[in-house]
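# What the coordinates show
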Amino acid sequence: MRSAANAAAAPVAEQEQKLAGIIFDLDGCLTKQGAIDFKEMRRRARIPHKADILGHIASLPLPEGREAMRAVMEVEAEGISRMEARDGLDELFDLLDGLKMRRALLTRNTHHALEHFRKLSGKRFDEALDRTFEPPKPSPAALIEICRRWEVDPRDVVMVGDHSDDIECGRRAGSRTIQIVDEVVHGDELRYTELTKPHHTVQSLYELRQLIEEMASLGHDKPRRSASGRQKSGPASTTLYNLVYMNVARVKLQHWTYLVLRARKCSSRAPEPANFARRPPGRAYPHRTDQDAALWTIHCEKL
């Protein structure tokens, strides 16, 4: 049961917020801890202990980055074979179904892991984004994109995860955050700051179910709407931040796409992958030079 101190720590204004949807992390949140061996992943990919895995790989020259990503994906594939749903998952989703609550998956894992979990659990999700949506957590870009698709204010959703990246993602978007703290994730114990401090903590999905039920009851399960029926915007600072962030990301993506297409046009290499031009906004792969960008795209398509 959630402690009285934890409940008291939430500001009154926050408790009065509406609840429009839940965004879940995957590994260690809806699945049991330990399926992915991150220590082994860092060892095989030669990634420093405190470095962000995807960020470090993106900073490497293409050959080294390719080998590191291959090692990461090998460990992830091994983790998929060990994936198990957390206890209490059925009860939690029975509540969400009863509340008609929207739910989404947001992970730094691959789409293979997402599909495997969907088949394993049999659960329905309204949205699911993997790490091909750039930039990944702890950036709030993917969370903001989910809220845009749902046409809700980020303040009206809850981000649930077991890692500080999940909490920082939610905090930076202006969402409420819940962290599952039954185990400390390896390498995450030194990353606690104001941005990684969750609004609530729980020990299990059973406690998470109870907390969500309380939050939905307080908020009547209805997002903020204006008199005209349109969604009300958040504070000016939060709204301005979101607009600037997404527009900057869009400009960077357009520039990146131009550079890649120019590099491919001037190159004698194989033609562009058939689905490259149809990539949705935000799905750029990390690169270092124009030529590296094109090669990295082809490499990821093969993976």
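Presented here is an overview of the structure given in this document. (Residues numbered from 1 in each chain as written. Predicted model: local features only at pLDDT ≥ 70, side-chain atom pairs only at ≥ 80, totals over all residues. Heavy atoms only, no water.)

### Some remarks on the pairing of strand 5 (residues 176–180)
A regular strand places its side chains so that they alternate between the two faces of the sheet. Buried residues dominate strand 5, accounting for 5 of its 5 residues. Taking every second residue as pointing to the same face, both faces of strand 5 are buried, with Arg-176, Ile-178 and Ile-180 on one and Thr-177 and Gln-179 on the other. Examined bridge by bridge, strand 4 (residues 157–161) and strand 5 share 4 bridges and lie parallel to one another. The residue bridging Val-158 from the neighbouring strand is Arg-176, located in strand 5. Handedness of the crossover joining strand 4 and strand 5 through helix 9 (residues 164–173): right-handed. Inspection of the sheet shows strand 5 paired to strand 6 (residues 200–202) by 3 bridges, in the parallel sense. (Buried < 20%, exposed > 50% of the residue type's maximum accessible area, 1.4 Å probe, protein only. Helix = DSSP H or I, 4+ residues; strand = E, 2+ residues; numbered from the N terminus. Pairing = 2+ DSSP bridges. Right-handed = clockwise from strand over helix to strand, strands pointing away.)

### A short note on the side chain of Lys-123
Relative to the elements of secondary structure, Lys-123 occurs in the loop between helix 7 (111–121) and strand 3 (127–129). Look at Lys-123 and you get buried, because its relative accessible area is 18%. For Lys-123, the side chain forms a polar contact with the side chain of Asp-90, separated by 2.7 Å. Look past the residues within four positions of Lys-123 in its chain and what remains in contact with it is Leu-89, Asp-90, Phe-93 and Arg-118. (Polar contact = N/O pair within 3.5 Å; in protein donor to acceptor, adjacent residues only side chain to side chain. Contact = heavy atoms within 4.5 Å.)

### Thoughts on the sheet that holds strand 1 (residues 21–24)
The strand order 3-2-1-4-5-6 describes an open sheet built from 6 strands, whose pairing is parallel. Only two strands of the sheet have a single partner each, and these edge strands are strand 3 and strand 6. On average, each strand axis in the sheet is inclined to that of its neighbour by 20 degrees, with strand direction left out of account. Strands strand 1 and strand 2 (102–106) of the sheet are contacted by helix 6 (residues 89–99), whose axis makes an angle of about 150 degrees with strand 1. (Axes fitted to C-alpha atoms, helices over the stretch in contact; angles between N-to-C directions.)

### A few points about the pattern of salt bridges
Once the charged atoms of two side chains with opposite charge are near each other, the side chains can pair. Tallied over the full model, the rule gives 23 salt bridges. Two residues, Asp-166 and Lys-137, come together in a salt bridge whose shortest N-O distance is 2.6 Å. Highlighted residues: Asp-166 in helix 9 and Lys-137 in the loop between strand 3 and helix 8 (141–150), separated in sequence by 29 residues. Connected through salt bridges with shared partners, the residues Glu-40, Arg-43, Arg-44, Glu-74 and Glu-78 form a single ionic network. (Salt bridge = Lys/Arg side-chain N within 4 Å of Asp/Glu carboxyl O.)

### Focus on the nonpolar core
In this structure, Ile-22, Phe-24, Val-160 and Leu-208 are the most contacted members of the largest nonpolar core, which totals 30 residues. Those elements that place two or more of their residues in this core are strand 1, helix 6, helix 7, strand 4, strand 5 and helix 10 (205–219). In this structure, Ile-23, Leu-129, Ala-141 and Cys-169 belong to the second largest nonpolar core, which totals 18 residues. (Core = buried A, V, L, I, M, F, W, Y, C linked by side-chain atoms within 4.5 Å.)

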